[in-house]
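# Coordinate inspection notes
Next come the chains, spelled out residue by residue.
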Amino acid sequence: MARARALLEPHLQLADRVLVIGAGGWFGSVVLDLIGEVIPRDNVLCLAREPRLHKVGDRMWELHSWDENFVREFSPTVVVNLAFLTRGYAATMNARVYETANAELTRRFMAAAA
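Please read all numbers here as calculations on a predicted model, not as lab measurements. (Residues numbered from 1 in each chain as written. Predicted model: local features only at pLDDT ≥ 70, side-chain atom pairs only at ≥ 80, totals over all residues. Heavy atoms only, no water.)

### Regarding the overall build of the protein chain
Of the regular secondary structure elements, the protein chain holds five helices and five strands. In sequence order, the secondary structure elements of the protein chain are arranged as α-β-α-β-β-β-α-β-α-α. Whereas a compact globule of 114 residues would reach a radius of gyration of roughly 13 Å, the protein chain reaches 15 Å, a difference of no more than 12%. Structurally, the protein chain occupies a C-alpha span of about 40 × 30 × 25 Å along its principal axes. (Helix = DSSP H or I, 4+ residues; strand = E, 2+ residues; numbered from the N terminus. Rg over C-alpha atoms; globule rule 2.2 N^0.38 Å.)

### Topic: the packing of aromatic side chains
If you walk through the whole model with that rule in mind, you get one aromatic pair. Summarising the aromatic geometry, the rings of Trp 26 and Phe 27 are spaced 5.2 Å apart at their centres and angled 80° between planes, so their arrangement reads as edge-to-face. The ring of Trp 61 has Arg 41 sitting right over it, with the charged end atom 5.0 Å from the ring centre. (Phe/Tyr/Trp six-rings, centres within 6.5 Å; stacked < 30°, edge-to-face > 60°. Lys NZ or Arg CZ within 6 Å of the ring centre and 35° of its normal.)

### Points about the sheet that holds strand E2 (residues 44–47)
The strand order E3-E4-E2-E1-E5 describes an open sheet built from five strands, whose pairing is mixed. Each end of this open sheet is capped by a strand with a single partner; those strands are strand E3 (52–56) and strand E5 (78–81). Adjacent strand axes in the sheet meet at a mean angle of 30°, parallel and antiparallel pairs treated alike. When strand E1 (residues 18–21) meets E2, the two strands line up parallel, connected through four bridges. If you follow Leu 19 over to E2, its bridge partner there is Leu 45. Packing against the sheet, helix H2 (residues 26–35) makes contact with E1, E2, E3, strand E4 (59–64) and E5, and its axis sits at approximately 65° to E3. (Pairing = 2+ DSSP bridges. Axes fitted to C-alpha atoms, helices over the stretch in contact; angles between N-to-C directions. Contact = heavy atoms within 4.5 Å.)

Written out as structure tokens, the structure reads:
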């Protein structure tokens with residue numbers, strides 16, 4: 001993990017405002033672990049399907065559900081999009097619903113990155 005953090009650090013500035021979409025999953029947890037020592041917690045906005053507290057290592061992160069106004073006010077300078085539907089979750093949907101859900105996730109990501 002230290003090596004991965006060392007690779008990431010030169011690309012982030014202390015003043016960066018990082019939006020992590022899909023922060024509650026495995027990949028999101030790894031990203032939070034990596035940036036947790038580089039970026040102040042107030043400069044990280046974590047989004048997940050359901051709002052909750054999420055423990056990563058020895059840190060607790062507050063995960064928020066999607067709110068375009070909240071994201072706009074946060075004004076991210078870095079957006080990490082890790083939101084996707086897992087195979088198990090997607091198996092409960094028909095193809096049309098699955099495509100619509102992924103299109104919405106992509107739309108949200110593009111709006112946040114704009």
